[in-house]
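Geometric and topological summary
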Amino acid sequence: MQTTPKEPQEEPQKTFYHVDPKILDRAAWDVLAMSEAMRPKTVWFIRHAESQSNADKSFKSDDFASATVPLSKHGIKQAEELADDFSVEPDLIVVSPYARAKQTAEPLIKKYPNVPVEEWPIQEFTYLSLDRCVGTTILERKPWVDEYWEKGDPFYSDGDGAESWDDFMGRAFGTVEMVKSREEKFIVLFSHEFFIAAVRYILSEEEFEIAPNHIKDFRRCFLSNRIPNASKVEFIFKDQQIPE
């Protein structure tokens, strides 16, 4: 029985590429220096500068969700240096509701006072219950952290104030949709390591779904591709379609 050979299918063109975290560089500015008509949509997710809890592993906060944890002295300097490195004005600045992200954005907002600033729900992933974590250090919480990721249940909520991985990834995917729908060509978002990693993970998957194997794979990717304070992950969208 003869079979007709299938015609080779063209590889679908990706709608974006992303650059792993790095300090602002010349190649990125070259893209942004293109004329408005030719410039692709460029989105920079910048992790907040060093916070007090980043600098001091024994740091204890009454607000475990960390919304009020400020930058360290070094973090304030990082934020100022980051703004100094900008040579192209963003079309939109987006900040997380958390203090450390807003503080990191402040020098850039002062540098470009006419750029619109919006607050989006791009805050960090809080997956441990606030009740049991108040007043604890990173080292004290480590056994609970390990237990959470070993469980690998995307729908599990640890208690009051905790977010399931399913809800967290829903926030991240909603942000991708929001970014894609905006008309601005150069958007800078000041966010957090877990959230930026989630956006990167979603955009790197041809088919993203919520599943136990994905939560553990996300953790593996997160640990092998850490994002330093005050550095960026860049996404350049070649068209206006979210990958399916």
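Scroll up a little and you will see the structure.
Computed from a prediction, not measured in an experiment: that's the story for all the values here. (Residues numbered from 1 in each chain as written. Predicted model: local features only at pLDDT ≥ 70, side-chain atom pairs only at ≥ 80, totals over all residues. Heavy atoms only, no water.)

**Concerning the nonpolar core**
Ranked by internal contacts, the top residues of the largest apolar core, which has 37 residues, are Trp149, Trp165, Phe168, Leu189 and Phe218. Mapped by element, the contributors of at least two residues to this core are β2 (41-47), β3 (92-95), α6 (138-151), α7 (165-181), β5 (186-191), α8 (193-204), α9 (212-224) and β6 (232-237). It is α8 that provides the largest number of residues to this core, a total of nine residues. Ile46, Ala83, Val88 and Tyr112 belong to the second-largest nonpolar core, a separate cluster that totals 20 residues. (Core = buried A, V, L, I, M, F, W, Y, C linked by side-chain atoms within 4.5 Å. Buried < 20%, exposed > 50% of the residue type's maximum accessible area, 1.4 Å probe, protein only. Helix = DSSP H or I, 4+ residues; strand = E, 2+ residues; numbered from the N terminus.)

**Focus on the pairing of β3**
Every second residue of β3 is oriented toward a common face, with Leu92 and Val94 on one face and Ile93 and Val95 on the other, all of them buried. By the bridge criterion, four bridges tie β3 to β5 in an arrangement that is parallel. Bridging from a neighbouring strand, valine 94 pairs with leucine 189 of β5. Sheet analysis places β3 next to strand β4 (residues 117-119), joined by three bridges and oriented parallel. Paired with isoleucine 93 across the strands is valine 117, a residue of β4. Following the backbone out of β3, through helix α4 (residues 99-111) and into the adjacent parallel β4, one traces a crossover that is right-handed. (Pairing = 2+ DSSP bridges. Right-handed = clockwise from strand over helix to strand, strands pointing away.)

**Section: unusual backbone geometry**
Phi at alanine 230 is positive, roughly 60 degrees, even though this residue is not glycine. Relative to the assigned elements, alanine 230 resides in the loop between α9 and β6. Judged by its relative accessible area of 12%, alanine 230 falls in the buried class.

**Details of the packing of aromatic side chains**
All chains considered together, the criterion is met by 22 aromatic pairs. Both rings, one in phenylalanine 125 and one in tyrosine 148, keep their centres 6.3 Å apart while their planes meet at 70 degrees; by these two values the pair is edge-to-face. Of the two residues, phenylalanine 125 is situated in the loop between β4 and α5 (130-133) and tyrosine 148 in helix α6; the sequence distance between them amounts to 23 residues. Comparing phenylalanine 125 with tyrosine 148, the two get one shared label, buried. Ring centres 6.0 Å apart and planes at 80 degrees place the aromatic pair tyrosine 127 and phenylalanine 194 in the edge-to-face group. Pair noted here: tyrosine 127 is in the loop between β4 and α5 and phenylalanine 194 is in helix α8, with a separation of 67 residues, a long-range link. Each member of the pair tyrosine 127 and phenylalanine 194 is classed as buried. Members of the aromatic cluster, joined through ring pairs, are Phe125, Tyr127, Tyr148, Trp149, Tyr156, Trp165, Phe168, Phe194, Phe195, Tyr201, Phe218 and Phe222. Above the plane of the ring of tyrosine 156 lies lysine 151, whose end atom (NZ or CZ) is 4.8 Å from the centre. The ring of tryptophan 44 carries the charged tip of lysine 232 above its face, separated from the ring centre by 4.9 Å. (Phe/Tyr/Trp six-rings, centres within 6.5 Å; stacked < 30°, edge-to-face > 60°. Lys NZ or Arg CZ within 6 Å of the ring centre and 35° of its normal.)

Any functional reading would require information beyond the geometric quantities listed.
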